[in-house]
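Structure assessment
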Amino acid sequence: MKRRDFLLLALVNLAWAGNTVAVKLAVGAVAPLTAAFLRYAIVLAVCLPWLRWVPGRMRPLFGAALAQGALWIALLNIAFKHASNIASLSIVSQLGVPFSLVLAVIFLGERIHIARIAAIVAAMVGVAIIGFDPRLAGEGLALWLTIIAALMYASGAVLLRGLSGVSPFTIFAWIGLTATPMLGLASLVFEPGALSAARALSLGALWPIAYSAIFSSLVGHAGMAYLYGRYPVSTLAPLLIPSPVLGAALAVVVLGDPVTPRLWIGGALVIAAVAVITLRTRTAIDATPA
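We now turn to the structure provided with this report.

Rules and cut-offs
Going along each chain's sequence as written, the residues are numbered from 1 onward. Where totals are concerned, whole chains, interfaces and linings use all residues; where local detail is concerned, this predicted model gives features only for residues with pLDDT of at least 70, and gives and counts side-chain atom pairs only at 80 or more. Calculated side-chain values reflect all of the structure's heavy atoms, with hydrogen atoms and water omitted. Pairing of aromatic rings covers Phe, Tyr and the six-membered ring of Trp, with a centre-to-centre limit of 6.5 Å; geometry is then stacked below 30 degrees between planes, edge-to-face above 60, and tilted otherwise. Working definition: helices are DSSP H or I runs of at least four residues, strands are E runs of at least two. Numbering for both runs from the N terminus. Burial classes follow relative accessibility: with a 1.4 Å probe on protein chains only, a residue under 20% of its type's maximum area counts as buried, one over 50% as exposed, and anything between as partly exposed. For a Lys NZ or an Arg CZ to count as sitting over a ring, it must be within 6 Å of the ring centre and within 35 degrees of the ring normal. Residue contacts follow a heavy-atom distance rule, with two residues in contact if any of their heavy atoms lie within 4.5 Å. Distance and chemistry together define a polar contact, namely a pair of N or O atoms within 3.5 Å, with one atom able to donate a hydrogen and the other to accept it when in protein, and with adjacent residues in sequence counting only for side-chain atoms on both sides. The axes are straight lines fitted to the C-alpha atoms, using for helices just the contacting stretch, and the angles between their N-to-C directions are given from 0 to 180°. To sort the angles, those under 35 degrees are grouped as roughly parallel, those over 145 as roughly antiparallel, those from 65 to 115 as roughly perpendicular, and the leftovers as oblique. Left-handed describes a crossing whose near helix is turned anticlockwise from the far helix through less than a right angle; right-handed describes the clockwise counterpart.

Structural notes on the packing of aromatic side chains
- One pass over the structure, following the stated rule, counts 6 aromatic pairs.
- Seen in terms of ring centroids, Trp50 and Phe169 are 4.8 Å apart; in terms of plane orientation they differ by 25 degrees. Their pairing is stacked. Linking Trp50 in the loop between helix 2 (32-47) and helix 3 (58-82) with Phe169 in helix 8 (residues 168-190), this pair joins segments that are 119 residues apart in sequence.
- On the basis of relative accessible area, Phe169 is assigned to the partly exposed category, the value being 26%.
- Ring centres of Phe62 and Trp174 lie 5.4 Å apart, and the angle between their planes is 80 degrees; this geometry places the pair in the edge-to-face category. Pair noted here: Phe62 is in helix 3 and Trp174 is in helix 8, with a separation of 112 residues, a long-range link.
- Under the relative-accessibility criterion, Phe62 is labelled partly exposed at 35%.
- Members of the aromatic cluster, joined through ring pairs, are Trp53, Phe62 and Trp174.
- Positioned over the ring face of Tyr40 is Arg39, at 5.8 Å from the centre of the ring.

Listed below in C-alpha cells is the structure:
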C-alpha cells in the first residue's frame, strides 16, 4: 500500500473513532434530533452539487437514505444522549456488520457457512457480555437503541449493494435531502424550542456536529470509497478494526468512561467476529466465478 493511501486509511480510522466522542458532545449541547438535523443539513449543503437522479435505482437509494439517514442517526443520537458509558456503545455499534450479513442471506439469497455463522454468534455473545455487566446498570435503553440503530444501518448497507458505481457524494446528497426535512420535523414535534435554541449556540457547541458531518459522514465514507477502488476488501477490512477500539479508548480518556473486564472481553469478541465475517465474506466473493 502506498504511503499516501495508508495515511488516508489512518485518517478514516481517526475520523470514525473521534466521532464517538463528537456525537456524545453534540447531544450534550443540543437535543439529539436537532443535532441529527444539523448534521445532515451540513451534509446536504456540502453534497448538493452532486445531487443527481439515478435512473432505475431510486427505490433502493431512497430506502438506504431513510435507513442510514434519519432512522439510524436519530436512534444513535438518542442512545448517546441517554448513555453514560460511550465506550460500550462504540463496540456494540459494530453489530451492523453481522446484521448486514444476516439480512443479505434473508433478502438477497446469499449463502454463509460455519465460520461466519460462528462469528455472528460470537458477536451476539460479546454484546450480551457487555450488556449484562453490572457496572453498566442503567445503560439498557442506550444499548438497545444502539443495537436497533446498527440494524437500520445494516438495512441501508444491503440496499446500497444495488448502487455500485454511484458516487458516494451523490448517495450522501440524497441521504441529506431525505433525512434533513424528516429530522427537522421530528425535532419540531418531539423537541419543542430546540431548533430555535440552536440558533444561539456558540461555535464551541457546534463543532462536534460539524465534525460528524464532515469527517465521519464525508471524509470517512468518501475516503473508503476511494480506497476500495484501489485495494481488495480483504486488505482494507482488518485495517479498519482499530476504529471502534480507538473510539472506545477516546471515550475512556476524554469522557472518563469506566473500563470493566466485561467490556474488554465482550469488545474483543465483537471485534474479532466482525473481522472474521469481513474476511470470510471477501473470500467467498473471490471464489465466485465471474
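Past the structure itself, the notes keep going.
Structural notes on the environment of Ala150
- Residue placement: Ala150 occurs in helix 7 (residues 140-160).
- Among the residues examined, Ala150 registers a relative accessible area of 5% and is labelled buried.
- Residues Ala150 and Leu76, 74 residues apart in the sequence, show an inter-C-alpha distance of 8.5 Å.
- Setting aside anything within four residues of it in sequence, one finds Ala150 in contact with Ser93, Leu95, Gly96 and Phe99.

Comments concerning the side chain of Ser187
- Take Ser187: it is sitting in helix 8.
- The buried category is assigned to Ser187, whose relative accessible area is 0%.
- Within the structure, the side chain of Ser187 is placed 2.6 Å from the side chain of Thr34, a separation counted as a polar contact.
- Residue contacts for Ser187: discarding those within four places in its chain leaves Leu33, Thr34, Pro192, Ala194 and Leu195.

Notes on the packing of helix 1 (residues 3-29) against helix 12 (residues 242-255)
- Interhelical geometry of helix 1 versus helix 12 gives an angle of 40 degrees and a closest axis separation of 8 Å. Regarding the angle of helix 1 to helix 12, the classification is oblique. The two elements helix 1 and helix 12 cross, and the hand of that crossing is right-handed. Taking contact as the criterion, the partners of Asn13, Leu14, Trp16, Ala17, Gly18, Thr20, Val21, Lys24 and Leu25 in helix 1 are, on helix 12, Pro242, Ser243, Leu246, Gly247, Leu250, Ala251, Val254 and Leu255.

Interpretation note: all reported values are geometric properties and have no functional meaning in isolation.
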